[in-house]
Amino acid sequence: MKPPVFAYHAPRSLDEALALLGELGDDGKVLAGGQSLVPMLNMRLVAPAALVDIRHLDALDTVEVDGDRVRVGARVTHRRLEGDDEVAFAVPLLREALRLVAHPVIRNRGTSVGSIVHADPAAEMPAVVALLDARLELRSSDGVRSVTGAEAFTGPLESALRPGELATAVEFAVPDPGTGMAIEELARRHGDYALAGVCARIDLDDDRRVRSAQGAFFGVGGLPERIELTDTLAGQSADALRPADATAFAREAIDPDDDIHATAAYRRHLAGVLLERALVRAAAAAGTDTEVRA
Ligand SMILES: Cc1cc2nc3c(=O)[nH]c(=O)nc-3n(C[C@H](O)[C@H](O)[C@H](O)COP(=O)(O)OP(=O)(O)OC[C@H]3O[C@@H](n4cnc5c(N)ncnc54)[C@H](O)[C@@H]3O)c2cc1C
């Protein structure tokens, strides 16, 4: 199918983009990498009166890494972020997750901020944002606001973004060396959306015992949510982790859907298996610097 008729704007500055989006309100949509929006237009699942293309907004094409945070601008592609060694050193989960997003040709165009705002419950980056409680920066002609990973997702394909707003960046806090993270998913083919997936985080104390633990699933419910697993894992040795209670708890906490690809029962089982693997790998990664460098 062909997309419905729309006006096309390619503003040259952030102020111009925000003014346009403010005027357009509900009638306008931001065009970033187009890897989700263009198919949705072609299938006529959305029909905005106008697109505001952010391709000329070079100020949003930046990745900043300092001791405390990684800040990713809205024009940064998945591929660029994945290839950034400083980012992989600071927050290793980002490279690991981005390698699972679609195929390189899609990652070359799709943006990480676009994926987060698009809020597909099967996508990797929203789950990473929920797990790490990353902050999303949202700007409009009225000013700037920031939403946390816990506030960012409101439903399937619904984020906290309001009409007239542009997501300008996402910021991840750099964890301390006692933190380990991992992501696991099962997809029918490499690069497909996962049937189910999970990312996990474990923080260890100085004796390599679990201080806190969390998981965030994708592909198993309507939105990515962080699940607190500290009660089931606290005090366990990272080198002999027993995740059975945590996976049983998580299986109860999720609400997977049936669809043509898998039943809810299969997804629930799979989610537990994947969580167990992710927790064991996260515990092993804490206090090491293995991902630095791939
Ligand atoms: C065949 C195929 C397979 C895919 N597989 C996967 C996969 O396995 N995992 C995965 O996570 N993703 C997958 N994707 C999606 C891909 O990761 C997209 O890059 C991503 O979802 C959207 O990013 P984008 O920059 O292309 O956004 P666009 O498609 O341009 O926009 C998507 C939505 O977000 C809004 N938006 C984008 N940027 C902003 C912004 N800065 N401010 C406000 N609103 C904004 C748009 O208005 C639109 O509503 C796949 C895509 C395709 C085509």
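Our subject is the structure that appears above.
Owing to the predicted nature of the structure, the values given are computational and were not obtained by experimental measurement. (Residues numbered from 1 in each chain as written. Predicted model: local features only at pLDDT ≥ 70, side-chain atom pairs only at ≥ 80, totals over all residues. Heavy atoms only, no water.)

Engineer: I keep staring at the site of the ligand and nothing clicks. Help me out?
Structural biologist: Around the ligand lies a shell of 28 residues, among which Val30, Gly34, Ser36, Leu37 and Thr111 are the nearest. Ala32 is positioned such that a nitrogen or oxygen atom in its backbone is 2.9 Å from an oxygen atom of the ligand. At 2.8 Å, a side-chain N or O of Glu124 approaches a nitrogen atom of the ligand. Isolated, the ligand exposes 960 Å² of accessible area, and the fraction of that covered by the protein chains is 89%. Within the residue set of the shell around the ligand, elements represented by two or more residues are strand S2 (28-31), helix H7 (112-118) and strand S10 (166-173). Of the residues belonging to the shell around the ligand, the class tally is 14 nonpolar, 11 polar and 3 charged. (Near = heavy atom within 4 Å. Polar contact = N/O pair within 3.5 Å; in protein donor to acceptor, adjacent residues only side chain to side chain. Areas by Shrake-Rupley, 256 points an atom, 1.4 Å probe, with all protein chains shown as cover. Helix = DSSP H or I, 4+ residues; strand = E, 2+ residues; numbered from the N terminus. Nonpolar A, V, L, I, M, F, W, Y, C, P; charged D, E, K, R; others polar.)

Engineer: Mind showing me how you'd approach helix H11 (residues 264-285) here?
Structural biologist: Along an α-helix, residues three or four apart share an orientation, since each turn contains 3.6 residues. Counted at 1.5 Å a residue, the expected span for H11 with its 22 residues is 32 Å, and the 31 Å between its end C-alpha atoms agrees. By the burial criterion, the buried members of H11 are Ala264, Arg267, Leu270, Ala271, Gly272, Leu274, Leu275, Ala278, Leu279, Ala282 and Ala283. The secondary structure elements touched by the buried residues of H11 are strand S11 (179-186), strand S12 (196-204), strand S13 (210-218), helix H9 (230-233) and helix H10 (244-253). (Expected span 1.5 Å × (residues − 1). Buried < 20%, exposed > 50% of the residue type's maximum accessible area, 1.4 Å probe, protein only. Contact = heavy atoms within 4.5 Å.)

Engineer: Sorry, what's going on with the sheet that holds strand S14 (residues 226-228) here?
Structural biologist: The pairing of strands in a sheet happens through backbone hydrogen bonds and is either parallel or antiparallel. What the 4 strands build is an open sheet, ordered S11-S12-S13-S14; its pairing is antiparallel. Edge positions in the sheet fall to S11 and S14, since each of these pairs with one other strand and no more. Averaged over neighbouring strand pairs, the angle between their axes works out to 20° when direction is ignored. Direction of pairing for S12 relative to S13: antiparallel, over a ladder of 8 bridges. Paired with Leu204 across the strands is Val210, a residue of S13. Packed onto the sheet, helix H8 (residues 124-132) meets S11, S12, S13 and S14 and runs at close to 155° relative to S13. The strands that H11 touches are S11, S12 and S13; relative to S11, the one it contacts most, it runs at about 150°. (Pairing = 2+ DSSP bridges. Axes fitted to C-alpha atoms, helices over the stretch in contact; angles between N-to-C directions.)

Engineer: Would you take a moment to explain the nonpolar core for this structure?
Structural biologist: Side chains of a nonpolar character, in soluble globular proteins, are inclined to be buried together. In terms of nonpolar packing, the biggest core is built from 54 residues, with Leu93, Val128, Leu132, Val170, Phe172 and Cys199 touching the most fellow members. No other element matches the 7 residues that H8 contributes to this core. With residues near it in sequence (within four places) discarded, Leu93 still touches Val128, Leu131, Leu132, Met181, Ala182, Ile183 and Cys199. Formed by 29 residues, the second largest nonpolar core is a distinct cluster that contains Ala182, Leu229, Ala238 and Ala262. (Core = buried A, V, L, I, M, F, W, Y, C linked by side-chain atoms within 4.5 Å.)

Engineer: Help me out: how do you make sense of the packing of H10 against H11 in this one?
Structural biologist: Each pair of packed helices gets described by two things: the angle between the helix axes and the distance between those axes. One can describe the packing of H10 onto H11 by two numbers: an axis separation of 9 Å at closest approach and a directional angle of 140°. Here H10 is positioned oblique relative to H11, judged by the angle of their axes. In the crossing of H10 with H11, the sense of the turn from one axis to the other is right-handed. Note on element contacts: H11 touches H10 through Arg268, His269, Gly272, Val273, Leu275, Glu276 and Leu279, opposite Ala246, Thr247, Ala250, Arg251 and Glu252. Among the residues forming the contact of H10 with H11, the class breakdown is 5 nonpolar, 3 polar and 4 charged. (Parallel < 35°, antiparallel > 145°, perpendicular 65-115°, else oblique. Left-handed = near helix turned anticlockwise from the far one by under 90°.)

Engineer: Just to check I follow, could you spell out the pairing of strand S5 (residues 69-73) for this structure?
Structural biologist: For a regular strand, side-chain orientation follows a simple rule: the groups alternate between the two sheet faces. Counting buried positions along S5 gives 4 out of 5 residues, so the element sits mostly inside the fold. Taken together, the 3 bridges between strand S4 (residues 63-65) and S5 define a ladder with antiparallel strand orientation. Paired with Val63 across the bridge in S5 is Val72. Hairpin connection of S4 to S5: 3 residues between the antiparallel strands. The sheet contact formed by S5 and S10 spans 5 bridges and is antiparallel. Residue Val72 lies in a different strand from S10, and its bridge partner there is Val170.

Engineer: Is there a simple way to think about unusual backbone geometry in this case?
Structural biologist: Generally, phi is negative for residues other than glycine and the peptide bonds are trans, each holding for most cases. Positive phi, normally seen in glycine, also occurs at Arg44, with a value near 60°. Looking at where Arg44 falls in the secondary structure, it is placed in the loop between helix H2 (37-42) and strand S3 (50-53). Positioned with a positive phi, Ala102 is a non-glycine residue whose angle comes to about 45°. On the secondary structure map, Ala102 appears in the loop between helix H5 (92-98) and helix H6 (104-107). According to the relative accessible area criterion, Ala102 is buried, its value standing at 17%.

Engineer: Would you take a moment to explain the environment of Met125 for this structure?
Structural biologist: Its location among the elements puts Met125 in helix H8. Judged by its relative accessible area of 0%, Met125 is buried. Linking Met125 and Val101, residues 24 residues apart in sequence, is a C-alpha distance of 8.3 Å. The contacts of Met125, once residues within four sequence positions are left out, are Leu94, Leu98, Ser112, Ser115, Ile116 and Phe172.

No statement about biological role is implied by the geometric values presented.
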